[in-house]
Structure formats: C-alpha cells, structure tokens
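This is what each chain is made of:
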Amino acid sequence: MKKLSVLIFVFVFYSAACSETVISSEDIYLINGAQVFVLDERYKGNLDLFFKEVKSKGINTVFFRVFHNNKDRSHLNVPLNCESGVYFETKHACTVNNLLKDMVEYAHKNNIKLYAWMATRSLSFLKTADNMSMSLSAEGGDVMGYGANIFKKEVRDTLLNLFEDLAKYEIDGILFQDDFIIKYTEGSDKYAAALFKKETGIEVKKENFFKSIKEYNGRKVFSEYKDEFYVWAEWKSSQLALLFKELKERAKTVNPKIKFAANVYYETPVDEAAALSWYSQKLSTLKSAGADYFAVMGYFEQISSEQKLSRVETASLIGSIAENAVKVMGNEKAVIMKLQSRSFLGKGMLSYDDYKLVCRQVKLAGNVSYAVVPVFSSDDIYVCPK
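Per chain, residues are indexed from 1 in the order of the written sequence. Note on the predicted model: pLDDT of at least 70 is required for a residue's local features to be given, and 80 or more for side-chain atom pairs to be given and counted; whole-chain, interface and lining totals, by contrast, use all residues. For the side-chain quantities, the full set of heavy atoms in the structure was used; hydrogens and water were omitted.

**Let's talk about the sheet that holds strand E1 (residues 32–36)**
Sheet strands pair via backbone hydrogen bonds, and the direction of the pair is either parallel or antiparallel.
Phase 1: One bridge is not enough; two strands pair if DSSP finds at least two bridges between them. Working definition: helices are DSSP H or I runs of at least four residues, strands are E runs of at least two. Numbering for both runs from the N terminus. Spatial strand order, E1-E2-E5-E8-E11-E12-E13-E14: 8 strands in a closed barrel with parallel pairing. Going across the sheet, the axis of each strand differs from the next one's by a mean of 25°, ignoring polarity.
Phase 2: Across 5 bridges, strand E2 (residues 61–65) lies against strand E5 (residues 113–118) in parallel orientation. Bridging across to E5, Phe64 finds its partner in Ala116.
Phase 3: The strands touched by helix H7 (residues 227–252) are strand E8 (173–176) and strand E11 (259–264); relative to E11, the strand with the most contacts, the crossing angle is about 150°. Note on method: axes are straight lines fitted to C-alpha atoms, helices fitted across the in-contact stretch only, with angles between N-to-C directions ranging 0 to 180 degrees. In what follows, a contact means two residues having at least one pair of non-hydrogen atoms within 4.5 Å.

As structure tokens, then:
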C-alpha cells in the first residue's frame, strides 16, 4: 500500500506540473537533417558553401553544436576565447565564438532550418566541484555523480538564462544533448535527497533502493532493485520533465515559434524499464513535458556492438525502435531517427549498404524524419534511397 500511495503521489505531482502543456502537430514537418559535430575548416569564410552542399543532398534542417566543452575541437578550427563555453552571445558563460549568428543567416538564406544543439548537465563550465551531483556507491560513501546538479538553484538558473539567450537568435529549434538524464545512482546530494524525501517520504539511502551488492570486474556494484527504487526513478524522470518544460517556456518568451527536440537513447523506445532505471528517461514523460520531436539515437555501430547483432538484426532492431517511438509520439514526422554514416571509433565511413538497409527498416515505421550523424562536412552525408 505504501508503494501504491507514493506512486500515485508522483503521478499526481507530475501531472499537475505539466497540465498546461499542450502538444500539437502544428508546424511539425518532415525533417531530413544533418547533425554537425565539428564544422570542417574548409568552410572557414564560406559558410554559404556548406549550406549549398548539404541542400544539394536533400537536407532541410541542420543541427549545429553550440556548446564547447574542455578538449572539444573547435568549429572551423578557429582560435577560441576560452576552454569551455558556447557559440552565442550571453553573460552567463564564455562566448568562445559567436558563430551561431552567421550559421543562422546562411542557413535561412539557403532555405534550411537551423536547430541549436545544446548541452545541459555536461557543460564543462557548470561542472565545478560545488555544482556536481552526488551518487550512491556500493563501494562505500557517496561519490561524485555524472554531471551538474539540476536541483541546485544556481545551476538551474544558469541553464534557464542560457536557453533564453540562445532563443534570442532566429533559430528554428533546440536539440537537447544526450546529457539530459539522471543516472541510476544519482540524486543523493542534499538538494535532491531533501526534495525527494519531502515529496515521497522516502530517504535516499542505498538500503532503501537496492537488494544486494555483487562483484563486477573487480568492483562492487548494486544488483537488484527494490520497489522504492522505481519510485525514485519515476520521480527523477518527472523532475527532468519539469526542467524541460521550464527551459522550453523560457525560450518561448523570446522566440514563440521555437521547437524542442529531445535526444533519446536507443533503449528508451524498446525497453522502458531499463531506460527509466539507467537514465530516468521515459518517452511519454518527455512528450507530456513538451517535446515536439524525439531525436532517437539509432546508431548502427553502437547497437550492433552492444547487442552483438548481425547487420540484418541491427537494422531490424533500429526499425522496431522507430516503430515504438512513433506509437508514443503519435506523429510519424515527429520522430527523428538519427542514423549513423561515419564511425565514432575512427574507422571512417560506415558501409552505405548497411545505411540503406537501416533506411528500409526505418521506413516500415512510416514517414519518419531522420538526421545523419556525425557530420563534419557534406561528404559525411548519406542519403536514404526513396
């Protein structure tokens, strides 16, 4: 009975918080996208060339990285003003280079929409010792968590201000980086733990969430979950949704037409329990929070390696991922399947035959959107056959 009452509380609390969010299919168009990780140096002084080239390959939307973390390569290989920051003007972080202004100008000149790809919890300049989240540890006391603590007011305010300044540009949308998650042991800091106890009556302690500890690769790790763990995971998911909604509403105060795309892990559409446990990520929650698009990371190389699948099996799974995402979103065009053209492991371009195989499987889910990943120049763009 205790578990049921707490779950009801979490549901009512989240529903009330997001009750004003209305999802509409208005202006949801079919995206043929390219996600730019680092813009190649050959476009320095000639951004117009990049947009002309991608348009010739059928691209109608570019997702452009507007954050710069420590040790990232810079767009166009230009000198930067600081080690970490953003590619737009703001008082709330270092502007490493105001490249976004020109990217928007040339994108729109070529009738291409420009989405700013923005990070949150993994921003280097936010990940100070005072701002980091804390995680429960099977080894002993709490340890530093994955990213900046969204339960700390200073972190939250900085993110809200950054998104407002970002939206002052004439961008068409914002794509959340895949760091907008809370990992399965995170949330033991004083801010998150106190709020969770206040709202559920449950203390954030390892014995309340985990049944046992086992050895794995020479380390102690938590193994089985108790019922209260899933209350914690649902609660963290609802807290991410609240912040998603706040960020969207802040951006819309200066750019009412802006769209929001939520980066989604490949497990999320096909294994809800796992995604909720590992990442506090849930499609229905993101949709209710105001996500206009799901950007699903259907990366061939990663999925085939992690799931130990053949090329045909991998393509089939990616097709199933797309199908399930469409069912939740209720709009084929609002699902952006991020399809991989180039290796993330430095192995060059992936097989175009495999890419075409994935395209065919994804199309079985309907007329879904897609984005080629990763893109540095137009040479990285594969085209799905019609």
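**Brief notes about the packing of aromatic side chains**
Phase 1: Centres within 6.5 Å make a pair out of two Phe, Tyr or Trp rings, where for Trp the six-membered ring is used; the pair is then stacked when the planes are under 30 degrees apart, edge-to-face when over 60, and tilted otherwise. Considering all chains together, one arrives at 37 aromatic pairs under this definition.
Phase 2: A centroid spacing of 6.2 Å and a plane angle of 85° characterise the contact between Tyr184 and Phe210, whose relative ring orientation is edge-to-face. Placement of the pair is Tyr184 in the loop between E8 and helix H5 (190–200) and Phe210 in the loop between helix H6 (206–209) and strand E9 (213–216), with a sequence separation of 26 residues.
Phase 3: Only protein chains enter the area calculation, which uses a 1.4 Å probe; residues under 20% of their type maximum are buried, those over 50% are exposed, and those in between are partly exposed. Classification of Tyr184 by relative accessible area gives partly exposed; the value is 24%.
Phase 4: Among the aromatic side chains, those forming a connected cluster through ring pairs are Phe151, Tyr184, Phe196, Phe209, Phe210, Phe222, Tyr225, Phe229, Tyr230, Trp232 and Trp235.
Phase 5: Any Lys NZ or Arg CZ found within 6 Å of a ring centre and within 35 degrees of that ring's normal is scored as a charge over the ring. Lying across the ring of Tyr29, Lys113 places its NZ or CZ 5.3 Å from the centre.
Phase 6: Here the basic side chain of Lys236 rests over the ring of Trp232, its NZ or CZ set 3.5 Å away from the ring centre.

**Remarks on the pattern of salt bridges**
Oppositely charged side chains can form a pair if their charged atoms are brought close together.
Phase 1: Salt bridges are defined as contacts in which a side-chain nitrogen from Lys or Arg sits within 4 Å of a carboxyl oxygen from Asp or Glu. Across all of its chains, the model carries 19 salt bridges by this definition.
Phase 2: Among the charged side chains, a network of salt bridges with common partners joins Arg42, Glu53 and Asp379.

**What about the state of the cysteines?**
Covalent bonding between the sulfur atoms of two cysteines is what defines a disulfide.
Phase 1: Throughout, a disulfide means two cysteine sulfur atoms within 2.5 Å of one another. Across all of its chains, the model carries 2 disulfides by this definition.
Phase 2: Across the disulfide, Cys82 is cross-linked to Cys94 (sulfur-sulfur distance 1.8 Å). As the torsion about the S-S bond is roughly -100°, the Cys82-Cys94 disulfide counts as left-handed. Of this pair, Cys82 sits in the loop between strand E3 (67–68) and strand E4 (85–86) while Cys94 sits in the loop between E4 and helix H3 (99–109), and the two are 12 residues apart along the sequence.
Phase 3: On the accessibility criterion, Cys94 (28% relative accessible area) is partly exposed.
Phase 4: A sulfur-sulfur distance of 1.9 Å marks the disulfide that ties Cys359 to Cys384. The sign of the S-S torsion, about -70°, decides the handedness of the disulfide formed by Cys359 and Cys384: left-handed. With Cys359 in helix H12 (residues 352–363) and Cys384 in the segment after strand E14 (369–375), the pair connects residues that are 25 residues apart, well separated along the chain. For the pair Cys359 and Cys384, a shared accessibility class is recorded, and that class is buried.

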